Amino acid sequence: DVKVTQSSRYLVKRTGEKVFLECVQDMDHENMFWYRQDPGLGLRLIYFSYDVKMKEKGDIPEGYSVSREKKERFSLILESASTNQTSMYLCASSLPQVVEQYFGPGTRLTVT
Amino acid sequence: LAKTTQPISMDSYEGQEVNITCSHNNIATNDYITWYQQFPSQGPRFIIQGYKTKVTNEVASLFIPADRKSSTLSLPRVSLSDTAVYYCLGRAGTYKYIFGTGTRLKVLA
């Protein structure tokens, strides 16, 4: 069974902290995604990676960076967390040229 | 600017057919449109994808008109367990993935 795991289900951080969200997939997928989900706004793409060390900005990359050193792992980094980054963060993966994405359970991040 | 819109919420009774429409402009003409289901505290789960006309699987049907500016997810005979949020997804470019804002479906007994 395909699986995408995220390092934490719930996370509480203080303003200004550096935050790492980790995502691991076991399906040997080339594509990996980071989304944030907010009420009334649906899912918005932050960053997308189509291969190791390759990345593309999504709709809302400001305040975020990503790292993909290994195929199975995609990290989202908040360099200096702010309260407006309080949200649900979802990681997903897919095969290239395929729109079917497999999602992790999400990390609910609260920045105080 | 690519954009997808969906109704915010819908209510239905058990056993009824439910149709949820997503309007999308600037979706790539050579790409699939996909629908997802999301339960509370879970990530979205793939339901169905289609390119044009009609696609049916064991869970749902998907209708896409020739102009591909909209798509309609059809859930036959819904049950209480179909209560969830439903999202459409399309691509407006190679790396431009656009999710709809989601439709919250509530199935009533």
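(A) Summary view of unusual backbone geometry. The backbone of Asp28(A) sits at a positive phi, close to 60°, despite the residue not being glycine. If you trace the backbone, Asp28(A) turns up in the loop between strand S3 (19-25) and strand S4 (31-38). The backbone of Thr53(B) sits at a positive phi, close to 60°, despite the residue not being glycine. Residue Thr53(B) is classed as exposed on the basis of its relative accessible area, which comes to 54%.

(B) Here's a closer look at the interface of chain A and chain B. With 22 residues of chain A at the contact, the number on the chain B side is 21 residues. Roughly 1,800 Å² of surface becomes buried between chain A and chain B when both sides are summed, with 56% attributable to carbon and sulfur atoms. When residues of chain A are sorted by the area they lose upon contact with chain B, Leu43(A), Val99(A) and Phe103(A) head the list and together hold 30% of the total. Here chain A is connected to chain B by zero salt bridges. The tally of links from chain A across to chain B stands at four residue pairs in polar contact (both at pLDDT 80 or more). Breaking the side of chain A that touches chain B down by element, the ones donating at least two residues are S4 and strand S5 (42-51) of chain A.

(C) Spotlight on the packing of aromatic side chains. Applying the stated criterion across every chain, the model contains 14 aromatic pairs over all chains. Between Phe48(A) and Tyr50(A), the aromatic rings sit 6.2 Å apart at their centres with planes inclined by 40°, giving tilted as the arrangement. Cluster of aromatic residues (ring-pair linked, three or more members): Phe33(A), Tyr35(A), Phe48(A), Tyr50(A), Phe103(A), Tyr36(B), Phe46(B), Tyr87(B), Tyr97(B) and Phe99(B).

(D) Local environment of the state of the cysteines. Residue and element names in this part refer to chain A. By the definition in use, this model includes two disulfides over all chains. Cys23 shares a disulfide with Cys91; S-S distance 1.9 Å. Torsion about the S-S bond of the Cys23 and Cys91 cystine: about -80°, corresponding to left-handed handedness. Taken together, the residues Cys23 in strand S3 and Cys91 in strand S9 (residues 87-94) connect sequence positions 68 residues apart.

(E) Spotlight on the sheet that holds S3(A). Residue and element names in this part refer to chain A. Overall, antiparallel pairing links the four strands, which are arranged S1-S3-S8-S7 in an open sheet. Pairing within the sheet leaves two strands with one partner each, and these edge strands are strand S1 (4-6) and strand S7 (64-70). Shown here is a sheet whose adjacent strand axes are inclined to one another by a mean of 20°, direction ignored. As judged from the three bridges shared by S1 and S3, these two strands associate in the antiparallel manner. Looking at S3, one finds that Val4 is bridged to Gln25.

Reading guide: rules and limits
- Residues numbered from 1 in each chain as written.
- Chains lettered and ligands numbered in written order.
- Predicted model: local features only at pLDDT ≥ 70, side-chain atom pairs only at ≥ 80, totals over all residues.
- Heavy atoms only, no water.
- Helix = DSSP H or I, 4+ residues; strand = E, 2+ residues; numbered from the N terminus.
- Buried < 20%, exposed > 50% of the residue type's maximum accessible area, 1.4 Å probe, protein only.
- Contact = heavy atoms within 4.5 Å.
- Buried area = accessible area lost by both parts, 1.4 Å probe.
- Salt bridge = Lys/Arg side-chain N within 4 Å of Asp/Glu carboxyl O.
- Polar contact = N/O pair within 3.5 Å; in protein donor to acceptor, adjacent residues only side chain to side chain.
- Phe/Tyr/Trp six-rings, centres within 6.5 Å; stacked < 30°, edge-to-face > 60°.
- Disulfide = S-S within 2.5 Å.
- Pairing = 2+ DSSP bridges.
- Axes fitted to C-alpha atoms, helices over the stretch in contact; angles between N-to-C directions.

None of the figures reported here should be taken as evidence of function without further support.
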